[in-house]
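Secondary and tertiary structure notes
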Amino acid sequence: MTRSIVATDKAPAAIGPYSQAVRAGNTVYFSGQIPLDPATGNLVEGDITAQTRRVFDNLVAVAEAAGGKLQDIVRVGIYVTDLGNFAAVNAVMAEYFQQPYPARSTVEVSGLPKGAQVEVDAILVLP
């Protein structure tokens, strides 16, 4: 099976030894996206809603670079530093996805890179 790296300047560059996404066959595995502005590399200002929107905008950019779209995502992993933000994250996710929704897990973690409140990874299957 061939493996290729997916990269775009419309999403933040990796801040470690990893790729934005890797395509293996028709499946694309996204690295976790935190709410970094791709133009500056800085964490976006604002509450969990603003941060979550930035994360999903970054995922859209990576999906498009892979030749897909957000609706091709079959699984999402969400990591939050406070499960009290669960409803706000759900509301933002509902702005980006329509039914049938991808499978998903949501996990509270003690910390995320750069002090982010949310990180999301995903798996996309190209048609």
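Residues numbered from 1 in each chain as written. Predicted model: local features only at pLDDT ≥ 70, side-chain atom pairs only at ≥ 80, totals over all residues. Heavy atoms only, no water.

In the nomenclature of an unreviewed UniProt entry, the protein is known as RidA family protein of Luteibacter anthropi.

As for unusual backbone geometry
A cis amide bond, omega 0 degrees, links Gln99 with the succeeding residue Pro100. With respect to the element layout, Pro100 can be found in the loop between helix H2 (86–96) and strand S5 (103–108). The phi angle at Lys114 is positive, at roughly 60 degrees, despite the residue not being glycine. If you trace the backbone, Lys114 turns up in the loop between S5 and strand S6 (118–125). Residue Lys114 is classed as exposed on the basis of its relative accessible area of 52%. (Helix = DSSP H or I, 4+ residues; strand = E, 2+ residues; numbered from the N terminus. Buried < 20%, exposed > 50% of the residue type's maximum accessible area, 1.4 Å probe, protein only.)

Remarks on the pattern of salt bridges
Applying the stated criterion to the full structure yields three salt bridges. A salt bridge links Lys69 to Asp72; the nearest nitrogen and oxygen atoms lie 3.6 Å apart. The partly exposed category is assigned to Lys69, whose relative accessible area is 47%. Overall, the relative accessible area of 12% leaves Asp72 in the buried class. Here Asp121 makes a salt bridge to Arg75, at a shortest N to O gap of 3.9 Å. With Asp121 in strand S6 and Arg75 in strand S4 (residues 73–80), this residue pair connects regions lying 46 residues apart in the sequence. By relative accessible area, which is 19% here, Asp121 ends up buried. Arg75 sits in the partly exposed class, given a relative accessible area of 29%. (Salt bridge = Lys/Arg side-chain N within 4 Å of Asp/Glu carboxyl O.)

Things to note about the nonpolar core
Core analysis: the largest hydrophobic core is formed by 28 residues, its most contacted members being Val28, Phe30, Phe56, Ile78, Phe97 and Val120. Sorting elements by how many residues they give to this core places helix H1 (residues 48–65) first, with seven residues. Those residues within four positions of Val120 in sequence are excluded, and the remaining contacts are Ser31, Gly32, Gln33, Val55, Phe56, Leu59, Val76, Gly77 and Ile78. (Core = buried A, V, L, I, M, F, W, Y, C linked by side-chain atoms within 4.5 Å. Contact = heavy atoms within 4.5 Å.)

What to know about the pairing of S5
Inspection of the sheet shows S4 paired to S5 by six bridges, in the parallel sense. Along S5, the bridge assignment pairs Gly77 with Ser105. (Pairing = 2+ DSSP bridges.)

Examining the layout of surface pockets
Rolling a probe over the atoms, with the probe sized like a water molecule, indicates the empty space that remains. Approximately 150 Å³ is the volume attributed to the largest pocket. Around the largest pocket sit Pro12, Ala13, Ala14, Ile15, Tyr18, Gln20, Gly32, Gln33, Ile34, Leu36, Pro113 and Glu119, which together line it. Residue classes in the lining of the largest pocket are distributed as eight nonpolar, three polar and one charged. (1 Å grid on protein atoms, 1.4 Å probe; cavity = no way out; pocket = protein on both sides within 12 Å on 5 of 7 lines; lining within 4 Å. Points joined across faces, edges and corners; volume = space filled by probe spheres on them. Nonpolar A, V, L, I, M, F, W, Y, C, P; charged D, E, K, R; others polar.)

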